[in-house]
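Structural overview for review
The residues making up each chain are set out below.
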Amino acid sequence: MIKISDDNQLIQQALRMAQKAWAPYSGFRVGAAVLLADGTVVGGNNQENRVYPLGSCAERVAVNYARANFPERQIVAIAVASPDSDEPVTPCGGCREVLLEAVRAQQGADIRVVMADRTGTRVRTALVTELLPLAFAFDGKNRT
Ligand code: THU
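Okay, so let's go over this structure. (Residues numbered from 1 in each chain as written. Predicted model: local features only at pLDDT ≥ 70, side-chain atom pairs only at ≥ 80, totals over all residues. Heavy atoms only, no water.)

**Comments concerning the nonpolar core**
Side chains of a nonpolar character, in soluble globular proteins, are inclined to be buried together. If you look at the biggest cluster of nonpolar residues, it comprises 26 residues, and the most contacted ones within it are Val-34, Ile-75, Ile-78, Leu-99, Ile-111, Val-113 and Val-128. Elements supplying a minimum of two residues to this core: β2 (31-36), α2 (58-69), β4 (75-81), α3 (93-107), β5 (112-116) and α4 (128-131). In this structure, Ile-75 is in contact with Val-34, Leu-35, Leu-36, Val-63, Ala-66, Arg-67, Ala-102, Gln-107, Asp-110 and Ile-111, ignoring residues within four places of it in sequence. Residues Ile-11, Ala-14, Ala-33 and Ala-77 belong to the second largest nonpolar core, which totals 12 residues. (Core = buried A, V, L, I, M, F, W, Y, C linked by side-chain atoms within 4.5 Å. Buried < 20%, exposed > 50% of the residue type's maximum accessible area, 1.4 Å probe, protein only. Helix = DSSP H or I, 4+ residues; strand = E, 2+ residues; numbered from the N terminus. Contact = heavy atoms within 4.5 Å.)

**Points about the site of the ligand**
Taken together, Ser-26, Phe-28, Val-30, Asn-46, Glu-48, Cys-57, Ala-58, Glu-59, Val-89, Thr-90, Pro-91 and Cys-92 form the complete shell of residues around the ligand. Separating an oxygen atom of the ligand from a side-chain N or O atom of Asn-46 is a distance of 3.0 Å. Protein contact buries 75% of the 370 Å² of open area that the ligand shows by itself. Split by residue class, the shell around the ligand holds 7 nonpolar, 3 polar and 2 charged. (Near = heavy atom within 4 Å. Polar contact = N/O pair within 3.5 Å; in protein donor to acceptor, adjacent residues only side chain to side chain. Areas by Shrake-Rupley, 256 points an atom, 1.4 Å probe, with all protein chains shown as cover. Nonpolar A, V, L, I, M, F, W, Y, C, P; charged D, E, K, R; others polar.)

**Remarks on the pattern of salt bridges**
For the structure on display, the rule yields 6 salt bridges. Between Glu-72 and Arg-73 there is a salt bridge, and its shortest N-O distance comes to 3.5 Å. On the accessibility criterion, Glu-72 (59% relative accessible area) is exposed. As a salt-bridge pair, Asp-86 and Arg-118 come within 2.8 Å of each other at their nearest N and O atoms. Note that Asp-86 is positioned in the loop between β4 and α3 and Arg-118 in the loop between β5 and β6 (123-127), a separation of 32 residues in sequence. Classification of Arg-118 as partly exposed rests on a relative accessible area of 39%. In the salt-bridge network here, residues are joined through shared partners; they are Asp-38, Glu-72 and Arg-73. (Salt bridge = Lys/Arg side-chain N within 4 Å of Asp/Glu carboxyl O.)

**Structural notes on helix α1 (residues 7-18)**
A rise of 1.5 Å per residue sets the reference length of α1, with its 12 residues, at 16 Å; its end C-alpha atoms lie 17 Å apart and thus fit the reference within 8%. When α1 is considered as a whole, its buried residues turn out to be Leu-10, Ile-11, Gln-13, Ala-14, Leu-15, Met-17 and Ala-18. (Expected span 1.5 Å × (residues − 1).)

**A look at a nonpolar patch on the surface**
Taken together, the side chains of Trp-22, Tyr-25 and Tyr-52 make up a nonpolar region of the molecular surface, amounting to roughly 380 Å² of accessible area. Position of Tyr-25 relative to the elements: it lies in the loop between α1 and β2. Overall, Tyr-25 belongs to the partly exposed group, its relative accessible area being 35%. (Patch = residues over 30% accessible without salt bridge, like charges linked within 9 Å, V, L, I, M, F, W, Y side chains within 5 Å.)

**Re the environment of Gly-94**
Tracing the sequence through the fold places Gly-94 in helix α3. Separated by 24 residues in the primary sequence, Gly-94 and Arg-118 have C-alpha atoms spaced 23 Å apart.

**Observations regarding the packing of α2 against α3**
Running from N to C, α2 and α3 cross one another at 25°; their axes reach a closest spacing of 9 Å. Classed by the angle they form, the pair α2 and α3 counts as roughly parallel. Viewed along their axes, α2 and α3 form a crossing whose handedness is left-handed. Mapping the contact onto sequence places Glu-59, Arg-60, Val-63, Asn-64 and Arg-67 in α2 and Gly-94, Cys-95, Val-98, Leu-99 and Gln-106 in α3. Per-class residue counts for the contact of α2 with α3 are 4 nonpolar, 3 polar and 3 charged. (Axes fitted to C-alpha atoms, helices over the stretch in contact; angles between N-to-C directions. Parallel < 35°, antiparallel > 145°, perpendicular 65-115°, else oblique. Left-handed = near helix turned anticlockwise from the far one by under 90°.)

By themselves these figures say nothing about function.
Structural data, given as structure tokens:
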């Protein structure tokens, strides 16, 4: 766990995390770094499994670690990057849903998603709510 602040440092941390990914099946290593409101950064990387559907994306590993260990701290941003990609890595649909859970149900504040390529210089940014328009809106309160 380290304390950092700007996007570039967050991307560099995501790229460092990608070096520790377990991705022998796809060969596509991904790292993620989550910035919490107090400046704490927690990381994750993709963890694949020989039973392919059991693998986890880097973003989900990082966000769930943050939620599990620091549920009271707001998630401000997440960087995602891969040393195996010439283009910025964009989160899959499932990870967008997981991020939206934090935004809508848990913290009520949007999260910046910083997406980068292998060099950390080709960068796109978007809010989670922009990445998942027309999201499923069930709030869990409709049961009788
Ligand atoms: N992957 C991630 O970890 N994050 C993404 O945003 C896209 C895909 C992983 C899943 C799998 O281990 C590998 O990349 C190839 O799809």
